[in-house]
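Report on the structure
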Amino acid sequence: MAAQAFPELHAHVAGLLEEALAFVAPGVQGAAIVIERPKQALHGDYSCNSALQLAKTMKRSPRNIAAALIAALPASPYVAKAEMAGAGFINVFLKPEVKRAVLPHILALGAEYGRSHAGQRKKVQVEFVSANPTGPLHVGHGRGAAFGASLANVLAATGFEVQREFYVNDAGRQMDILVLSTWLRYLEQGGARLAFPANAYQGNYVRQMAQQIRIAHGGRYMREVSALFQDAPDTEREPEACLDALIAGAKSLLGEDYAYIHDFALAEQLGDCRHDLLEFGVSFDHWFSEKSLYDSGLVERTVARLEANGHVYAQDGAKWFRSSRFGDEKDRVIQRENGQYTYFASDISYHLNKFERGFDLVIDVWGADHHGYIPRVKGALEALGLDPGRLTVALVQFAVLYRGGKKVSMSTRAGDFVTLRELRREVGNDAARFFYVLRKSDQHLDFDLDLAKSQSTDNPVYYVQYAHARVCSVHEQWSGDEAELRAADPTPLTLDAEMSLLSRLIEYPEVVANAARELSPHFVAFYLRELAAEFHSYYNATRILVPELPIRLARLALVTAVGQVLRTGLALLGVSAAEKM
């Protein structure tokens, strides 16, 4: 068994059971073979519960069916035995020499171990973060960034051609609120007396932008605004209407100068966002401007295409998309009575643009509060004649921070929030990236800041990195040439702990493949914790650098393979592999 020809054991065992099933239950429907990894080594390397699933259909006991399947299993050069357990589970055990053969395979492939061609070079776009450029990224954006980046890495590792994209909302109302907020602070700094709206952006970064404009341009943008506030609706009774009136007034008073403040604020916040994400280890292949959809006329053409397909109607001067036809709870406005297109209209055209760029699969990473938005976007794609199945939406729940056992409160417009930059400075990039992907993305995440900073085995990222550091320590003590280990004979590896580690190493490519298929990079985080736990137990109980050369080299090969997989897996999650702790 050369390193280049190491078998795909999961698929092999599944194939054996499928052959046995075809013999035992020919023609039986709904009898898919599902192979899982047992949690305990004494239950073998693979487990199958098909006998339990077939009992009702075949009108036989699960144990009877399991016994028949085991008896019908074809001979295999890789399988030592199959046993029945419990109510009818089938546990499959690999031959020890097959497990040992994974070591030269891993050492020969290095960082390529675990990669595959399952994606067949299909073009997939992952769009994530896409935060309004109206202020610093906060910890909620951080979870979407960590998830999206890790997901893109996992997809690339399994043979997909991945493009990472950030959608810049540079044409909407939120940008107008930021421009108004910045201008009003600029006026204040110039001596104007005004009542700053409570629902405008309150953060100190707004004052800083206003100060930058004043330093660069002095009083150029000063205007008399008393009439502006007098004519606006009451801010306490109608806060949002008041804000809209102030925005309209600012555009009127500033005229062409409004565009300068808009572009300045956009450039400042987008630049800050880019820098923050790069420091977090998150980069994008493309930053797509919402404004470009309007400038190119695509929004107008998209609405016209929906109209031509019979999915738009006029009511009360507005244009409505018949989204209720496609599973949405009600129809949606795409063009208001004043002629302005809604955010939904630009979003439809943006997704049309994605598929016009030739992506086979599009993955949007959205906040969980956008769950209701999914059917209307998919419905719009179907109305445009596209396959909505090519769009997948991965939802990300907000992350809640805890410090000293108490919840940290946040409000974006009020400026009362923990920025991603502050989080990174407090706990470090590695802890932030790892903690963010420790849960399934659509599950609630409690982020314990104190735990993330602790140097203890309770801290999962510390625990995994410490395992890699221990591997490096063994190599430092040995001070040999790692290339020698590729030819090391793994036969001396006979301990139960060594067999268990080998099984865990064999599992890694399956974990990466499952993470890509299920869009679940947390599978990799879970796996690394389990691998680290087994390695720590082995390291604490076993002497690696024994006098006997064959045993020493075999154990060094095992330790080196563990280190390689830890390093590769951490890289998928954007986490460094520490050499010293």
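Residues numbered from 1 in each chain as written. Predicted model: local features only at pLDDT ≥ 70, side-chain atom pairs only at ≥ 80, totals over all residues. Heavy atoms only, no water.

Examining the overall build of the chain
- A tally of helices and strands in the chain yields 22 helices and 15 strands.
- Reported as C-alpha extents along the three principal axes, the dimensions of the chain are approximately 90 × 60 × 40 Å.
- Nonlocal contacts in the chain, meaning residues at least 24 apart in sequence, comprise 72% of its contacts between residues at least 6 apart.
- When the accessible area of the chain is evaluated, it comes to approximately 26000 Å², of which 49% is carbon and sulfur surface.
- The centroid of the 61 positive side-chain charges in the chain is displaced by 3 Å from the centroid of its 68 negative side-chain charges. (Helix = DSSP H or I, 4+ residues; strand = E, 2+ residues; numbered from the N terminus. Contact = heavy atoms within 4.5 Å. Areas by Shrake-Rupley, 256 points an atom, 1.4 Å probe, with all protein chains shown as cover. Lys, Arg positive; Asp, Glu negative; His and termini not counted. Charge placed at Lys NZ, Arg CZ, Asp CG, Glu CD.)

Comments concerning the packing of helix α21 (residues 522-541) against helix α22 (residues 549-572)
- Contact pair α21 / α22: the axes reach a minimum separation of 10 Å and the direction vectors enclose 155°. In terms of their interaxial angle, α21 and α22 are classed as roughly antiparallel. As α21 runs across α22, the sense of the crossing is left-handed. Every residue of α22 that contacts α21 at V524, Y527, L528, L531, F535 and Y538 is listed here: R555, L558, V559, V562, V565, L566, G569 and L570.
- Class assignment of the residues belonging to the contact of α21 with α22 gives a composition of twelve nonpolar, one polar and one charged. (Axes fitted to C-alpha atoms, helices over the stretch in contact; angles between N-to-C directions. Parallel < 35°, antiparallel > 145°, perpendicular 65-115°, else oblique. Left-handed = near helix turned anticlockwise from the far one by under 90°. Nonpolar A, V, L, I, M, F, W, Y, C, P; charged D, E, K, R; others polar.)

Some points on the sheet that holds strand β2 (residues 46-48)
- Ordered in space as β1-β2-β4-β3, the four strands form an open sheet in which the pairing is antiparallel. Each edge of the sheet is formed by a strand with only one pairing partner; in this case those strands are β1 (35-36) and β3 (79-85).
- Strand direction decides the pairing type here: β1 and β2, joined by two bridges, are antiparallel. Counterpart to I35 in the pairing with β2 is C48. (Pairing = 2+ DSSP bridges.)

Description of the sheet that holds strand β14 (residues 406-407)
- Here three strands make up an open sheet; going across it, the order is β14-β13-β15 and the pairing mixed. Since the sheet does not close on itself, it has two edges, and those belong to β14 and β15 (445-448), each with one partner.
- Pairing geometry for strand β13 (residues 399-403) and β15, over four bridges, is parallel. Counterpart to Y402 in the pairing with β15 is D448.

Observations regarding the environment of S226
- Mapped onto the elements, S226 comes out in helix α9 (residues 226-231).
- Along the backbone, S226 and L194 are 32 residues apart, and their C-alpha atoms lie at a distance of 7.8 Å.

Topic: the environment of R223
- Its place among the elements puts R223 in the loop between α8 (204-217) and α9.
- Classification of R223 by relative accessible area gives partly exposed; the value is 23%.
- Taking C-alpha positions, R223 is 62 Å from H117, a pair spaced 106 residues apart along the chain.
- Those residues within four positions of R223 in sequence are excluded, and the remaining contacts are W183, L187, L253, L254 and D257.
- A distance of 3.1 Å separates a polar atom in the side chain of R223 from a polar atom in the side chain of D257. (Buried < 20%, exposed > 50% of the residue type's maximum accessible area, 1.4 Å probe, protein only. Polar contact = N/O pair within 3.5 Å; in protein donor to acceptor, adjacent residues only side chain to side chain.)

So, the nonpolar core
- Membership of the largest hydrophobic core comes to 160 residues, with the highest contact counts inside it found for L155, W183, L277, L423, F434, Y436 and L505.
- At eleven residues, α22 tops the list of elements feeding residues into this core.
- If you look at the next biggest cluster of nonpolar residues, it comprises 31 residues, including V303, L381, L386 and L395. (Core = buried A, V, L, I, M, F, W, Y, C linked by side-chain atoms within 4.5 Å.)

Quick notes on the side chain of D331
- Here D331 lies in the loop between β9 (318-321) and β10 (332-335).
- Only 3.4 Å separates the side chain of D331 from the backbone nitrogen of S323, close enough to count as a polar contact.

A look at helix α20 (residues 496-517)
- Here α20 spans 32 Å end to end across 22 residues, near enough to the 32 Å set by a 1.5 Å rise per residue.
- At Y508, α20 shows its largest kink, close to 35°, and the proline P509 lies no more than four residues downstream.
- Burial analysis of α20 places 16 of its 22 residues in the buried class, the great majority of the element.
- Following α20 by one or two positions, L519 has its phi on the positive side, about 50°. (Expected span 1.5 Å × (residues − 1). Bend = angle between axes of the 7 residues up to and from the residue.)

Side note on the pattern of salt bridges
- Per the counting criterion, the structure on display carries 31 salt bridges.
- Its salt-bridge partner being R185, residue E188 comes within 2.8 Å of it at the nearest N-O pair. Highlighted residues: E188 and R185, both in helix α7 (residues 173-189), separated by three residues, approximately one helical turn.
- Of the residues examined, E188 reaches a relative accessible area of 28% and is grouped as partly exposed.
- Of the residues examined, R185 reaches a relative accessible area of 6% and is grouped as buried.
- The salt bridge partner of E530 is R504, with a shortest N-O separation of 3.2 Å. Of the two residues, E530 sits in helix α21 while R504 sits in helix α20, which places them 26 residues apart along the sequence.
- One salt-bridge network, held together by shared partners, links D328, E329, R332 and R376. (Salt bridge = Lys/Arg side-chain N within 4 Å of Asp/Glu carboxyl O.)

Some details on the pairing of β13
- Bridge count between β13 and β14: two bridges; the pairing is antiparallel. Its bridge partner lying in β14, R403 is registered against K406.
- Here β13 hands over to β14 after two residues, with G404 in that stretch at a positive phi of 60°.

Things to note about the side chain of R185
- Separated by 3.5 Å, the side chains of R185 and Q202 make a polar contact.
- If sequence neighbours within four positions are ignored, R185 has contacts with F196, Q202, V206, R207 and A210.

Describing unusual backbone geometry
- The backbone phi angle of V129 is positive, close to 65°, even though this residue is not glycine.
- As for its position among the elements, V129 is in the loop between β5 (123-127) and α6 (139-157).
- You can call V129 buried: its relative accessible area is 14%.
- For S479, which is not glycine, the phi dihedral falls at a positive 55°.
- Residue classification places S479 among the exposed residues on the basis of a relative accessible area of 59%.

Looking at the packing of helix α19 (residues 460-478) against α22
- Axis separation between α19 and α22 bottoms out at 9 Å; the angle between their running directions is 140°. As summarised for this structure, α19 and α22 are arranged oblique, according to the angle between their axes. Seen along the crossing, α19 lies across α22 with a hand that is left-handed. Contact with α19, carried on its side by V464, A467, H468, V471, V474, H475 and W478, involves L553, L556, V559, T560, G563, L566, R567 and L570 of α22 and no other residues of that element.
- When the residues that make up the contact of α19 with α22 are grouped by side-chain class, the tally is ten nonpolar, four polar and one charged.

Fair warning: the whole summary comes from geometry, so function is off the table for now.
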